[in-house]
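A closer look at the structure
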Amino acid sequence: VRLVVAEGHLLRDAGRHAEAFALLDKTLASQPDDPDILYETALAAEKIGNLDLAERHLRRLIVLKPESPQGYNALGYSFADRNIRLDEAVQLIDKALVLSPDDGYILDSKGWVLFRQGKLAAALEVLQKSYAKQPDAEVAAHIGEVLWAMGRRDEALAIWREASKAYPANEVLSSTIKRFVP
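What comes next concerns the included structure. If you're wondering where the values come from, they're calculated on a predicted model, not measured in any experiment. (Residues numbered from 1 in each chain as written. Predicted model: local features only at pLDDT ≥ 70, side-chain atom pairs only at ≥ 80, totals over all residues. Heavy atoms only, no water.)

Structural notes on the environment of His9
By secondary structure assignment, the location of His9 is in helix α1 (residues 2–13). Along the sequence, His9 and Ala20 sit eleven residues apart, while their C-alpha atoms lie 7.5 Å from each other. (Helix = DSSP H or I, 4+ residues; strand = E, 2+ residues; numbered from the N terminus.)

Let's talk about the layout of surface pockets
The volume enclosed by the largest pocket comes to roughly 1400 Å³. What lines the largest pocket is a set of 36 residues, among which Arg12, Lys47, Tyr77, Glu138 and Val172 lie closest to the centre. When contributions to the lining of the largest pocket are tallied by element, the ones reaching two or more residues are α1, α3 (35–47), α5 (69–81), α7 (104–116), α9 (137–149) and α11 (171–180). (1 Å grid on protein atoms, 1.4 Å probe; cavity = no way out; pocket = protein on both sides within 12 Å on 5 of 7 lines; lining within 4 Å. Points joined across faces, edges and corners; volume = space filled by probe spheres on them.)

Points about the pattern of salt bridges
If charged atoms from side chains of opposite charge come close, those side chains can pair. Overall, the coordinates contain eleven salt bridges when judged by the stated rule. A salt bridge links Glu88 to Arg59, with the shortest nitrogen-to-oxygen separation between them at 2.5 Å. A residue pair is termed long-range when its members are at least 10 positions apart, and Glu88 in helix α6 (residues 86–99) and Arg59 in helix α4 (residues 51–64) qualify at 29 residues. Residue classification places Glu88 among the partly exposed positions, given a relative accessible area of 23%. For Arg59, a relative accessible area of 30% translates into the label partly exposed. Between Asp102 and Lys133 there is a salt bridge, and its shortest N-O distance comes to 3.9 Å. One end of the pair, Asp102, is in the loop between α6 and α7; the other, Lys133, is in helix α8 (residues 120–133), with 31 residues separating them in the sequence. The class of Asp102 is exposed, set by a relative accessible area of 53%. For Lys133, a relative accessible area of 39% translates into the label partly exposed. Overlapping salt bridges, with partners in common, bring together Glu55, Arg59, Arg85 and Glu88 in one network. (Salt bridge = Lys/Arg side-chain N within 4 Å of Asp/Glu carboxyl O. Buried < 20%, exposed > 50% of the residue type's maximum accessible area, 1.4 Å probe, protein only.)

Description of helix α2 (residues 17–30)
Between its first and last C-alpha atoms α2 spans 20 Å; for 14 residues at 1.5 Å apiece the expected length is 20 Å, and the two agree. Listed as buried for α2 are His17, Ala20, Phe21, Leu24, Thr27 and Leu28. What you see down the axis of α2 is that its buried residues fit within an arc of 135°, all on one side. More than 90 degrees from the buried face of α2, the exposed residues found are Ala18, Lys26, Ala29 and Ser30. Close packing links the buried residues of α2 with α1, α3, α4 and α11. (Expected span 1.5 Å × (residues − 1). Arc of directions from axis to C-beta. Contact = heavy atoms within 4.5 Å.)

Right, here's the structure in full:
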C-alpha cells in the first residue's frame, strides 16, 4: 500500500493526475476498505474532476476511521474550495480540528472556509497561524487571496512572490497569481 501511495504522489506531483487515479483506483478495487488507499484515491478523483467519487470515498473513510482528521478535513476543504455546502464544510473542518488542533493543513482549511463565508479578518488570522506552522504554497496562495480581497494588494503580491521563489512549480499558487496579476 505504501508503495502504491508513494507512486500516486509522484504521479500527482508530476501533474499526471489521470495516471495517479488509475493506479490508485485499481488498487482500491482489490482493497476497498484500506483507509490510505481510499484517501489517496479520493484526492486523485478530485484532481481529475470526479467530485462525486471523491466525496463517496471520503465519506467511506470517515465511517472506517471516525477518529482520523484527514477525511473530515479533505471533504470540508473540498466543499470550501468549490464554495459549496459551506455550513457542512465548517462542521467537517471543525471536527478535524477537534481531532488535530495544531495541524497546519487543517488550519488552512478553516481559514479558507472562513474566507468563503466572507469573514476576512478571521480567515487571515487562521491562515497566518497555519503558515507559521506549515509554510506551504497553497496556504500562501490563500493568504494572498484574502489580503487581496481586503484591499491589501501589496502584501498579497509580497507573499505570492516569496512563495513563488520557494515553490515555483506549485499549480495552485501559480493559478491563483494568474487570476489576480495579468
